[in-house]
Amino acid sequence: MLVPTVVLSGIGLLSGLGLALAARAFAVETDPRQDRITEALPGANCGGCGYAGCGDFAGAVVRGDAKPDGCPVCDQETRRLVASIVGLTVQDRAPQVALILCQGGDDVAAKKYRYNGLASCASAALLGGGDKACGAGCLGLGDCQRACAFGAVEMTPSGVARIIPARCTACGQCVAACPKDLIKLVPAEATIHVLCSNHDRGPAAKKACAVACLGCKKCEKSFAEDPRIKVADFLAYIDYEHAPDDPALAALCPTGSLVYRGAAAPAAERTSS
Amino acid sequence: MKFSGGVHPAYHKDTAGLQIEAMPLLHRYVVPIAQHLGAPGKVLVAKGDRVARWQPLSEPVGFVSVPVHAPTSGTVKQVAALPHPLGRPMLAVEIESDGEDRPWEGLAPLGDWRSLDPAALRRAIQAAGVVGLGGATFPTHVKLSPPAEKKVDLLVINGAECEPYLTADHRVMLEQAAEVMEGVGLMMRVLGVPRACVGIESNKPDALAALRRACPADVAAEFVLLETKYPQGSEKHLIYALCGRRVPPGGLPMDVGCVVQNVGTAVACLEAVRDGLPMTERVATVTGAAINVPHNLRVRVGAPLLDVLAHCGGVTPDVGKVIFGGPMMGIGQFDMDVPLIKGTSGVLCLRDDEAVLYEGGPCIRCGACVDACPMGLVPSAMGLIAERFRFEELGDWHVLDCIECGSCAYVCPSRRPLVQHFKRGKAEWRDILEERRAKTERDAKRAETAATA
Ligand code: SF4
Ligand code: SF4
Ligand code: SF4
């Protein structure tokens, strides 16, 4: 009993010693600033910065390849801290939230064929842009949901994706994942949105989807001058630089593609905090 | 020689006995500008213009580009993004015909190809907008211009027509045998090759006999009856079956000294040179259990699908799916207003009970797909990887060698949508390769600036 115990412990001790020595001898020099930045970052490894995780991004900041405010997830304070570690300063940035510019679920939007392939939007989009009659619409197969590291995307019962604003960190992974280019990052304090991406003329848009923007300009015309909602190419868009904040505006829209998501809206629908 | 893999689907060549019939003139044609692989041409006409039959509607931009031409005389109704058989709306010229079918005055017949030099022949073929009629629609003049360092010594003529249902090539070989063989001679002259080899599947011995009989004495062509097996008409497999040469992965037929052309393309080249006629029509098979009167139709490019179906007696009430091309590689259509284009070899109308939508199940590792794949790939493994979105691993399995023939999906007892996985997988893997290339370039540039600094 004694001999094997001694031999085994001996082997253990020797290997341990060897490893310790090797760690000394072959130590890789890392810039201590990289470790400090990694420490400061959220550690979600979401990839929103475009690098393979927080450590990789930190290295890129130290090398000067990435901007210190390149992490879209962390708050302003953290950005400032990261910048100060490498001796830089950053501009303040308004918080953002992702928004899916489509509400065309199966209850309101028509389909042009039956799709039964892989449950992935990018695969469906290869077949004539997907099964939605609307060429722009959400395919509801959840590529954005899979891409989100924060669980901030849910699927509505009628099969459109929806962002849960309280969880969204505006990392932008869903924006990149959506093959239909439906997701935008918008200022978190904006309250009025056009939740449609269809550029077809009114009748065609209406045929494809009951909640499509028709390009009727009712919203645009409600402003005497300097409209903050404009219609271009049969689709309304919000001028988020000077975003309007008036719950009454949404009521003007005949199809409901113009929505109010501010403080006066039901809690579940609110996008602004 | 026989290639390994492949499948034997039910052939359904029911229209093989039907003579080619010319489709009557229609009121309206929609001619997409992009009907070939390569850069779409530049549009030459505008709304309101009067055009004549065979008049160019676009001009090529660059070498890998061909023009399209007016299928009849009439007025340009609009130039806009209109439904296209590939699924997304694309730029097209809509023509309302005036019923006169007045020919264009600018046609330039060159006469006998035997007295013309290859460069002039090539120019005429490009100007006529000739593309490969086998389905891939690659501009023919490009295929007929192999770079000097590739020694091409054999013209392979594809008369396999291995897709079930389609009989358009078969009818062309029977009814236009002399023109096919003249066209073969013409293409041999362009390429400067001493011989041609015509491959035909064993279910069409009459076509082989007709071509052999029609072959002029000065065209050195060999005729080979091939095993009837799908995908015998794939370029790589045809070449292997005819002369035992193997096109390397990622390579082209010209890497092994071959150029492959379809029989219909041979006729188009001849007409382009002899008569100066642009490619404004093709032969297409309209068939399937859900069409009332099947046809082999000579149809003008741009004819709307609805009109073509109506000419064939319309579809039956139980129609479930309409496909452009054959059942193995064709593209299902959801908009009956799409036009037939240069690449449309057939219109297949399936009944609802034939076009079953199977729910794909899990892979049971039976290996049937591995046996069926004519490219020697492992579809089961690639399918599992693609299904899990691990596209970066697909390169190790040579996904880019997949010819999307559908043999694997055809035999899969679990009805897995394998080809769809691979179409997506190929696109994703190409993106990954492109990203890697861009990154290497960036890194190299950075190293350079660091070195100079
Ligand atoms: S928003 Fe885009 S990625 Fe998300 S489910 Fe809809 S189509 Fe798919
Ligand atoms: S589709 Fe691709 S993987 Fe499937 S059998 Fe054909 S070549 Fe092989
Ligand atoms: S044939 Fe289908 S079930 Fe069988 S190994 Fe291939 S993918 Fe799996």
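The structure presented is a predicted model; accordingly, all values stated were derived computationally and were not measured.

1. Looking at a nonpolar patch on the surface
Residues and elements named next belong to chain A.
Stage number 1. Side chains of Leu-2, Val-3, Val-6, Val-7, Leu-8 and Ile-11 sit close together on the surface and give an oily, nonpolar patch of about 620 Å² of accessible area.
Stage number 2. Relative to the helices and strands, Val-3 is located in helix α1 (residues 2-25).
Stage number 3. For Val-3, a relative accessible area of 59% translates into the label exposed.

2. Considering the site of ligand 2
All names here are of chain B.
Stage number 1. What surrounds ligand 2 is a group of 13 residues, the closest being Cys-373, Cys-402, Cys-405, Gly-406 and Cys-408.
Stage number 2. Elements supplying a minimum of two residues to the shell around ligand 2: α10 (379-387) and α11 (407-411).
Stage number 3. In terms of residue class, the shell around ligand 2 is made up of 10 nonpolar, two polar and one charged.

3. Observations regarding the interface of chain A and chain B
Stage number 1. Across the boundary between the two partners, chain A contributes 20 residues, which contact 18 residues of chain B.
Stage number 2. Here chain A and chain B share an interface that buries about 1,400 Å² over both sides, 55% of which is from carbon and sulfur atoms.
Stage number 3. The largest per-residue losses of area from chain A upon contact with chain B belong to Arg-114, Asn-116 and Leu-118 of chain A, which jointly make up 40% of the total buried on that side.
Stage number 4. One salt bridge in this structure joins Asp-352 of chain B and Arg-114 of chain A, with 3.6 Å as the shortest N-O distance.
Stage number 5. Taken together, chain A and chain B are joined by seven residue pairs in polar contact (both at pLDDT 80 or more).
Stage number 6. By residue number, the principal contributor to the side of chain A that touches chain B is helix α5 (residues 121-125) of chain A, which donates four residues.
Stage number 7. In terms of residue class, the side of chain A that touches chain B is made up of nine nonpolar, six polar and five charged.

4. Things to note about helix α12 (residues 418-452) of chain B
Stage number 1. Given a rise of 1.5 Å per residue, 35 residues ought to cover 51 Å, and the 51 Å separating the end C-alpha atoms of α12 of chain B matches this to within 8%.
Stage number 2. Its buried side turned inward, α12 of chain B meets α5 and α6 (143-147) of chain A together with α9 (368-372), α10 and α11 of chain B.

5. A look at the pairing of strand β11 (residues 258-262) of chain B
Stage number 1. For β11 of chain B, the tally of buried residues reaches five of five residues, placing the bulk of the element in the interior.
Stage number 2. Residue alternation in β11 of chain B divides its side chains into two sets, Cys-258, Val-260 and Asn-262 of chain B and Val-259 and Gln-261 of chain B, and both sets are buried.

6. Topic: the pattern of salt bridges
All names here are of chain B.
Stage number 1. If you walk through the whole model with that rule in mind, you get 40 salt bridges over all chains.
Stage number 2. Between Arg-28 and Glu-94 there is a salt bridge, with its nearest N and O atoms 2.8 Å apart. Residue Arg-28 is located in strand β2 (residues 28-32), and its partner Glu-94 is located in strand β7 (residues 90-97); the two are separated by 66 residues in the primary sequence.
Stage number 3. The class for Arg-28 is partly exposed, based on a relative accessible area of 26%.

7. Some details on the site of ligand 1
Stage number 1. Around ligand 1 lies a shell of 15 residues, among which Cys-121, Cys-138, Leu-139, Cys-144 and Cys-178 of chain A are the nearest.
Stage number 2. Among the residues forming the shell around ligand 1, the class breakdown is 11 nonpolar, two polar and two charged.

8. What about the sheet that holds strand β15 (residues 331-333) of chain B?
Paired through their backbone hydrogen bonds, the strands of a sheet run either parallel or antiparallel.
All names here are of chain B.
Stage number 1. Strand order in the open sheet made by the six strands is β1-β13-β12-β16-β14-β15, with mixed pairing throughout. For this open sheet the edge positions go to β1 (20-22) and β15, each flanked by a neighbour on one side alone. This sheet shows a mean twist of 30 degrees between the axes of neighbouring strands, independent of strand direction.
Stage number 2. Summarising the sheet, strand β12 (residues 281-287) and strand β16 (residues 346-351) pair through three bridges and their orientation is parallel.

9. Structural notes on the pairing of strand β10 (residues 221-226) of chain B
Residue and element names in this part refer to chain B.
Stage number 1. Bridge count between strand β9 (residues 195-201) and β10: six bridges; the pairing is parallel. Counterpart to Ala-196 in the pairing with β10 is Ala-221.
Stage number 2. Read from β9 through helix α5 (residues 205-214) to β10, the crossover connection turns out right-handed.

10. Side note on the sheet that holds β10 of chain B
All names here are of chain B.
Stage number 1. Ordered by their spatial adjacency, four strands build an open sheet running β10-β9-β8-β11, and the pairing between neighbours is parallel. Across the chains shown, the open sheet's two edge strands, defined by having one partner strand only, are β10 and β11. For this sheet, the mean angle separating the axes of adjacent strands, direction not counted, is 25 degrees.
Stage number 2. As paired strands, strand β8 (residues 154-159) and β9 are joined by six bridges and run parallel to one another. Across the sheet, the residue bridging to Asn-158 is Gly-199, located in β9.

11. Comments concerning the nonpolar core
Stage number 1. Of all hydrophobic cores here, the largest spans 50 residues; its most connected members are Leu-155, Val-180, Val-184, Leu-186 and Leu-211 of chain B.
Stage number 2. Residue assignment for this core shows that the elements contributing at least two residues are α1 (118-127), β8, α3 (168-175), α4 (177-191), β9, α5 and α7 (263-274) of chain B.
Stage number 3. Looking at this core, the element that brings in the most residues is α4 of chain B, giving nine residues.
Stage number 4. Residues within four places of Val-184 of chain B in sequence aside, it is in contact with Leu-155, Ile-157, Ala-196, Val-219 and Ala-266 of chain B.
Stage number 5. In this structure, Ala-98, Val-160, Ala-161 and Val-186 of chain A belong to the second largest nonpolar core, which totals 23 residues.

12. A word on the environment of Ala-168 of chain B
Residue and element names in this part refer to chain B.
Stage number 1. Tracing the sequence through the fold places Ala-168 in helix α3.
Stage number 2. For the pair formed by Ala-168 and Val-319, sequence separation is 151 residues and the distance between their alpha carbons is 22 Å.
Stage number 3. The residues contacting Ala-168, other than those within four sequence positions of it, are Glu-161, Val-283, Ala-284, Thr-285, Asn-296 and Ser-345.

13. Things to note about the side chain of Gln-420 of chain B
Stage number 1. Tracing the chain through its elements places Gln-420 of chain B in helix α12.
Stage number 2. A relative accessible area of 14% places Gln-420 of chain B in the buried class.
Stage number 3. Among residues more than four places away in sequence, those in contact with Gln-420 of chain B are Tyr-115, Gly-117, Leu-118, Ser-123, Ala-124 and Leu-127 of chain A.

14. A short note on the domain arrangement of chain A
All names here are of chain A.
Stage number 1. What the domain assignment reports for chain A is domain 1 (32-85) and domain 2 (96-272).
Stage number 2. Between the C-alpha centres of domain 1 and domain 2 there is a distance of 31 Å.
Stage number 3. Domain 1 puts six residues into the contact, and the matching count from domain 2 is six residues.
Stage number 4. Considering only the surface of domain 1 that becomes buried against domain 2, Cys-46, Pro-72 and Val-73 emerge as the three largest contributors, covering 71% of it.
Stage number 5. Linking domain 1 to domain 2 there are zero salt bridges.
Stage number 6. Connecting domain 1 to domain 2 are one residue pair in polar contact (both at pLDDT 80 or more).
Stage number 7. Here the side of domain 1 that touches domain 2 is composed, by residue class, of four nonpolar, two polar and no charged.

The rules behind these values
Residues numbered from 1 in each chain as written. Chains lettered and ligands numbered in written order. Predicted model: local features only at pLDDT ≥ 70, side-chain atom pairs only at ≥ 80, totals over all residues. Heavy atoms only, no water. Patch = residues over 30% accessible without salt bridge, like charges linked within 9 Å, V, L, I, M, F, W, Y side chains within 5 Å. Areas by Shrake-Rupley, 256 points an atom, 1.4 Å probe, with all protein chains shown as cover. Salt bridge = Lys/Arg side-chain N within 4 Å of Asp/Glu carboxyl O. Helix = DSSP H or I, 4+ residues; strand = E, 2+ residues; numbered from the N terminus. Buried < 20%, exposed > 50% of the residue type's maximum accessible area, 1.4 Å probe, protein only. Near = heavy atom within 4 Å. Nonpolar A, V, L, I, M, F, W, Y, C, P; charged D, E, K, R; others polar. Contact = heavy atoms within 4.5 Å. Buried area = accessible area lost by both parts, 1.4 Å probe. Polar contact = N/O pair within 3.5 Å; in protein donor to acceptor, adjacent residues only side chain to side chain. Expected span 1.5 Å × (residues − 1). Pairing = 2+ DSSP bridges. Axes fitted to C-alpha atoms, helices over the stretch in contact; angles between N-to-C directions. Right-handed = clockwise from strand over helix to strand, strands pointing away. Core = buried A, V, L, I, M, F, W, Y, C linked by side-chain atoms within 4.5 Å. Domains from an automatic or database assignment.

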